[in-house]
Amino acid sequence: MTHHIFGPVISRRLGRSLGIDLIPFKTCSYNCVYCECGATTDLTSQRREFFRTDEIIHQLDTILSSTPKLNYITFAGSGEPTLSLSLGPVLAHLKQNYDQYQVAVLTNGSLCTDPDVRRDLLRADLVSPTITTPTQEIFERIHRPVPGLSVTRIIQGLESLRNEYSGQIWLEVFLIPGLNTIENELSLLRSAVYRIRPDRIQLNYLDRPGTEAWVSAPDPLQLQRIQEFFAEGGIPVDITGFDESGTLLTQDDSIARIDETLRRRPCTAEDIAHMTGLQAPEVRKKLALMVQQGIVQAKSGERGIFYWISSKD
């Protein structure tokens with residue numbers, strides 16, 4: 001049986017968050033140059049039920065029956081969650097049966113052109129879509145999307161979501177120096193962001209290996225200037241870094257299992273999941289934290305991102 005629930009993890013933005021993964025690994029409408037999960041293997045914009053909805057709900061009920069202490073239940077993981085037709089029914093089940101929990105959806109926003117997707121999202125307490133540019137050429141260079149996606153239509157879809165949705169929208173603006181950080185591009189991007197009218201703007205950037213080695217982070221002074229530039233419209237602007245997660249959960253047996261595996265040889269997140277029996281989305285989250293804390297090193301390879309632990313002095 002596929003495991004669809006991972007975590008909880010500690011997130012700077014969302015606190016203690018339990019993850020739901022509705023999508024097979026690396027199924028997405030984008031093949032982003034900055035993605036921490038590596039290259040997309042199933043590039044699609046067609047929605048379908050990838051896994052049985054009742055299977056996902058059963059796993060959720062099993063975990064939530066113990067009433068864990070959570071700040072959010074978050075749809076995220078191995079690909080784009082709005083591709084799954086299970087999103088609406090699972091969201092409805094959560095709000096009908098576990099309304100004590102806030103529910104978030106982390107999405108690239110590409111399917112918000114679809115009224116059915118927007119209708120599914122209405123039940124969430126928080127939606128966090130991503131935007132990088134209103135320029136089609138730069139959009140294609142950053143996201144390498146499934147053919148036929150229009151960034152103009154995607155922005156219009158996010159505007160429609162704002163008009164229809166009463167919950168919180170925290171808009172992620174992902175910055176890649178040399179592509180969307182030049183003055184004219186930033187002005188166009190800010191105008192698009194203001195049209196969407198999010199409750200918060202969250203500037204994000206790559207702080208560990210992504211799919212393409214050439215992607216870098218803005219320097220701190222540039223990042224501060226961009227933050228001030230976006231804040232001129234009166235919307236709160238946060239700087240989040242690529243991964244919002246903070247400290248590792250204490251007394252976490254899975255961290256020890258990952259550590260032990262990586263001391264034998266370099267592995268991808270999928271290798272570790274296969275060898276340890278842990279869930280791949282959980283492994284990727286915890287590897288990201290271990291990289292941030294200097295426990296693990298990472299480098300892009302032919303099969304994706306490889307992680308290893310250097311020998312102790």
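Residues numbered from 1 in each chain as written. Predicted model: local features only at pLDDT ≥ 70, side-chain atom pairs only at ≥ 80, totals over all residues. Heavy atoms only, no water.

K.L.:
Explain the nonpolar core to me, and be specific about the residues and the numbers.
P.N.:
With 70 residues, the main nonpolar core has Ile20, Phe75, Leu94 and Phe230 as its most contacted residues. Leaving out residues up to four positions away in the same chain, phenylalanine 230 has contacts with Val173, Leu186, Leu189, Arg190, Val193, Tyr194, Ile201, Leu203 and Val237. Core analysis: the next-biggest nonpolar cluster, separate from the first, contains 18 residues, Leu262, Ile272, Ala298 and Ile305 among them. (Core = buried A, V, L, I, M, F, W, Y, C linked by side-chain atoms within 4.5 Å. Buried < 20%, exposed > 50% of the residue type's maximum accessible area, 1.4 Å probe, protein only. Contact = heavy atoms within 4.5 Å.)

K.L.:
Explain the pattern of salt bridges to me, using residue names and the numbers behind them.
P.N.:
Under the criterion given, the structure shown has 13 salt bridges. Aspartate 116 is paired through a salt bridge with arginine 119; the nearest N and O atoms lie 2.5 Å apart. In this pair, aspartate 116 and arginine 119 both sit in helix α3 (residues 115-121), three residues apart, roughly one turn of the helix. The partly exposed category is assigned to aspartate 116, whose relative accessible area is 40%. Through salt bridges with shared partners, a single ionic network connects Lys95, Asp99 and Asp125. (Salt bridge = Lys/Arg side-chain N within 4 Å of Asp/Glu carboxyl O. Helix = DSSP H or I, 4+ residues; strand = E, 2+ residues; numbered from the N terminus.)

K.L.:
Tell me about unusual backbone geometry, and please be specific about residues and values.
P.N.:
Of note, the phi angle at arginine 144 is positive, near 45°, even though the residue is not glycine. A positive phi angle, close to 60°, is found at arginine 197, a residue other than glycine. By secondary structure assignment, the location of arginine 197 is in the loop between α6 (183-196) and β10 (200-204). Judged by its relative accessible area of 42%, arginine 197 is partly exposed.

K.L.:
So what's going on with the packing of aromatic side chains? Which residues, and what values?
P.N.:
Per the counting criterion, the structure on display carries three aromatic pairs. Taking the centre distance of 5.6 Å and the plane angle of 80° together, the rings of tyrosine 30 and phenylalanine 139 count as edge-to-face. With tyrosine 30 in the loop between β3 (27-28) and β4 (42-43) and phenylalanine 139 in helix α4 (residues 136-143), this residue pair connects regions lying 109 residues apart in the sequence. For tyrosine 30, a relative accessible area of 3% gives the class buried. Taken together, a centroid distance of 3.7 Å and an interplanar angle of 10° make the contact between tyrosine 34 and phenylalanine 174 stacked. Of this pair, tyrosine 34 sits in the loop between β3 and β4 while phenylalanine 174 is found in strand β9 (residues 168-174), placing the two residues 140 residues apart along the sequence. Comparing tyrosine 34 with phenylalanine 174 shows no difference in burial state: the two are buried. (Phe/Tyr/Trp six-rings, centres within 6.5 Å; stacked < 30°, edge-to-face > 60°.)

K.L.:
Can you lay out the packing of helix α1 (residues 53-64) against helix α2 (residues 87-97) for me, pointing to particular residues and giving the numbers?
P.N.:
With their axes 10 Å apart at the nearest point, α1 and α2 run at an angle of 30° to one another. Put simply, α1 runs roughly parallel to α2. Crossing of α1 over α2 shows right-handed handedness. From α1, Thr53, Ile56, Ile57, Leu60, Asp61 and Leu64 reach across to α2, where they touch Pro89, Val90, His93 and Leu94. Its residues placed into classes, the contact of α1 with α2 shows seven nonpolar, two polar and one charged. (Axes fitted to C-alpha atoms, helices over the stretch in contact; angles between N-to-C directions. Parallel < 35°, antiparallel > 145°, perpendicular 65-115°, else oblique. Left-handed = near helix turned anticlockwise from the far one by under 90°. Nonpolar A, V, L, I, M, F, W, Y, C, P; charged D, E, K, R; others polar.)

K.L.:
Explain the environment of arginine 48 to me, and be specific about the residues and the numbers.
P.N.:
Along the chain, the position of arginine 48 falls in the loop between β4 and α1. Owing to a relative accessible area of 35%, arginine 48 belongs among the partly exposed residues under this scheme. Here the alpha-carbon distance between arginine 48 and serine 84, two residues 36 residues apart in the chain, equals 5.4 Å.

K.L.:
Talk me through the confidence of the model for the protein chain; I want residue IDs and the actual numbers.
P.N.:
Model confidence for the protein chain is summarised by a mean pLDDT of 88, while 93% of its residues fall at 70 or above. Counting interchain partners and residues more than four positions distant, the pLDDT-below-50 stretch residues 242-251 has 44 contacts. (pLDDT = per-residue confidence, 0-100.)

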